[in-house]
Amino acid sequence: MQTERPFVISVAGFDPSGGAGLLADIKTFEQLKVQGLGVCTAMTIQTESQCLSLEWQSLETILSAIDVLMKNYHVETVKIGVVKDAEFLNKIIKTIKNNNSETKIVWDPVLKSTSEFSFFDLNTISDLKNALDQIDLITPNYNEYKVLKENHVFENYENPCPVLIKGGHRKERLGTDILIQKGKEIFIEPNNTTSVFYPKHGSGCVLSSAIASHLAKGENLENACRKGKSYIEKFLTSNPNLLGFHH
């Protein structure tokens with residue numbers, strides 16, 4: 001087995017356009033020199049501008065795939081993307097931790113696509129609290145953070161898991177991300193202020209997988225978020241289209 005690059009798993013959906021989900025994550029992993037593994041949670045039919053259909057994989061299949069990979073590879077970090085509901089998320093996390101309690105987990109809570117296609121079953125959102133103790137970072141955009149907060153997901157915790165609120169959807173301080181860690185807010189300003197004018201399909205997937213890559217390489221959380229932001233800004237400004245280039 002190769003040991004030169006740390007192993008990272010993407011547990012995410014398959015997007016045939018390659019802009020989001022598993023394919024985008026694997027492209028990011030390769031650029032950042034980690035060894036990417038993949039587990040598919042859903043098959044979709046979509047382009048960079050619209051999602052037409054989604055078919056969930058069975059939870060049993062997803063858990064089996066994670067189990068096999070983690071029994072064969074020393075996985076440093078798992079990035080989780082689209083999941084059907086809180087039960088999916090909780091059982092995925094349990095399977096990861098049963099295999100290696102030290103593996104870090106980054107969850108990008110994709111609730112809806114930009115084109116308003118719903119992914120996560122919001123009726124189960126109150127059951128997310130069981131997962132929070134096990135997650136190392138949640139990366140919602142501003143709108144997703146508001147939904148999670150309105151549903152009291154972050155309440156009643158002495159040490160709630162760190163949250164990176166992405167700044168691309170906010171009117172004020174556009175492009176500034178906020179890392180909330182141990183009750184402290186850390187503002188991560190954009191290095192390239194023009195990047196906010198180049199929206200990209202799958203940018204949330206790319207950012208979360210970039211952060212997961214840097215965590216796997218031993219960076220602390222704040223540094224991983226800052227380096228992830230540098231990567232996503234290059235991705236956003238790579239071209240004027242909705243499908244970005246990785247470089």
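Before any of the text, the structure's been laid out above.
Residues numbered from 1 in each chain as written. Predicted model: local features only at pLDDT ≥ 70, side-chain atom pairs only at ≥ 80, totals over all residues. Heavy atoms only, no water.

1. Let's talk about the overall build of the protein
Right, so step 1: Helix and strand content of the protein: seven helices and nine strands.
Right, so step 2: For a compact globule of 247 residues, the expected C-alpha radius of gyration is about 18 Å, and the protein comes in at 16 Å, within 12% of that figure.
Right, so step 3: Considered along the principal axes of its C-alpha atoms, the protein spans approximately 45 × 40 × 40 Å.
Right, so step 4: The buried share of the protein, reckoned over its 247 residues, is 50%.
Right, so step 5: Across the protein, contacts joining residues at least 24 apart in sequence account for 69% of those joining residues at least 6 apart.
Right, so step 6: Of the roughly 11,700 Å² that the protein leaves accessible, carbon and sulfur atoms contribute 49%.
Right, so step 7: Averaging the locations of the 26 positively and 29 negatively charged side chains of the protein gives two centres separated by 5 Å. (Helix = DSSP H or I, 4+ residues; strand = E, 2+ residues; numbered from the N terminus. Rg over C-alpha atoms; globule rule 2.2 N^0.38 Å. Buried < 20%, exposed > 50% of the residue type's maximum accessible area, 1.4 Å probe, protein only. Contact = heavy atoms within 4.5 Å. Areas by Shrake-Rupley, 256 points an atom, 1.4 Å probe, with all protein chains shown as cover. Lys, Arg positive; Asp, Glu negative; His and termini not counted. Charge placed at Lys NZ, Arg CZ, Asp CG, Glu CD.)

2. Topic: the side chain of Ser209
Right, so step 1: Within the element layout of this structure, Ser209 appears in helix α6 (residues 203-216).
Right, so step 2: A relative accessible area of 0% means that Ser209 is categorised as buried.
Right, so step 3: At a separation of 3.1 Å, a polar atom in the side chain of Ser209 contacts the main-chain carbonyl oxygen of Val206.
Right, so step 4: Once residues lying within four places of it in the same chain are set aside, the contact partners of Ser209 are Asp25, Thr28, Phe29 and Lys79. (Polar contact = N/O pair within 3.5 Å; in protein donor to acceptor, adjacent residues only side chain to side chain.)

3. Let's talk about the pairing of strand β5 (residues 104-107)
Right, so step 1: Of the pairings in the sheet, the one linking strand β4 (residues 75-80) to β5 comprises four bridges and is parallel in character. Note that in β5 the partner of Thr77 across the bridge is Lys104.
Right, so step 2: Note that the unit made of β4, helix α3 (residues 86-99) and β5 has a crossover that is right-handed.
Right, so step 3: Direction of pairing for β5 relative to strand β6 (residues 137-138): parallel, over a ladder of two bridges. Each residue of the ladder has a partner; that of Trp107, found in β6, is Ile138. (Pairing = 2+ DSSP bridges. Right-handed = clockwise from strand over helix to strand, strands pointing away.)

4. Examining the side chain of Asn100
Right, so step 1: Within the secondary structure, Asn100 is located in the loop between α3 and β5.
Right, so step 2: Setting aside anything within four residues of it in sequence, one finds Asn100 in contact with Met70, His74 and Val75.

5. Details of the environment of Ala42
Right, so step 1: With respect to the element layout, Ala42 can be found in strand β2 (residues 35-46).
Right, so step 2: On the basis of relative accessibility, which here comes to 0%, the residue Ala42 falls in the buried class.
Right, so step 3: Separated by 40 residues in the primary sequence, Ala42 and Val82 place their C-alpha atoms 7.7 Å from one another.
Right, so step 4: With sequence-adjacent residues up to four places away left out, Ala42 is seen in contact with Ala12, Gly13, Phe14, Leu54, Glu55, Trp56 and Gln57.

6. Some thoughts on α3
Right, so step 1: Helix length check: α3 (14 residues) gives 20 Å between terminal C-alpha atoms against 20 Å at 1.5 Å per residue, within 8%.
Right, so step 2: Regarding α3, the residues found buried are Ala86, Phe88, Leu89, Ile92, Ile93, Thr95, Ile96 and Lys97.
Right, so step 3: Of the surrounding secondary structure, the elements contacted by the buried residues of α3 are β1 (7-14), α2 (59-72), β4, β5 and α4 (129-132).
Right, so step 4: At the N-terminal end of α3, a side-chain oxygen is found 3.2 Å from the backbone nitrogen of Glu87, two or three residues along, and the residue is Asp85. (Expected span 1.5 Å × (residues − 1).)

7. A short note on the packing of α2 against α3
Right, so step 1: Contact pair α2 / α3: the axes reach a minimum separation of 9 Å and the direction vectors enclose 20°. On the basis of their axis angle, the class for α2 and α3 is roughly parallel. Crossing handedness for the pair α2 and α3: right-handed. Only Glu87, Phe88, Lys91, Ile92, Thr95, Ile96 and Asn99 of α3 make contact with α2, whose side of the interface consists of Leu59, Ile62, Leu63, Ile66, Asp67, Met70 and Lys71.
Right, so step 2: Taken together, the residues of the contact of α2 with α3 break down into eight nonpolar, two polar and four charged. (Axes fitted to C-alpha atoms, helices over the stretch in contact; angles between N-to-C directions. Parallel < 35°, antiparallel > 145°, perpendicular 65-115°, else oblique. Left-handed = near helix turned anticlockwise from the far one by under 90°. Nonpolar A, V, L, I, M, F, W, Y, C, P; charged D, E, K, R; others polar.)

8. Observations concerning the packing of aromatic side chains
Right, so step 1: Going through the model one piece at a time under the given rule, you end up with four aromatic pairs.
Right, so step 2: Ring plane angle 55° and centroid distance 6.2 Å describe the contact between Trp107 and Phe120, whose orientation is recorded as tilted. Of the two residues, Trp107 is situated in strand β5 and Phe120 in the loop between β5 and α4; the sequence distance between them amounts to 13 residues. In this pair, the class of Trp107 matches that of Phe120, namely buried. (Phe/Tyr/Trp six-rings, centres within 6.5 Å; stacked < 30°, edge-to-face > 60°.)

9. As for the pairing of β4
Right, so step 1: Burial within β4 is extensive, with five of its six residues counted as buried.
Right, so step 2: The pairing of β1 with β4 spans five bridges and is classified as parallel. In the sheet register, Val11 faces β4, and the bridge partner there is Ile80.

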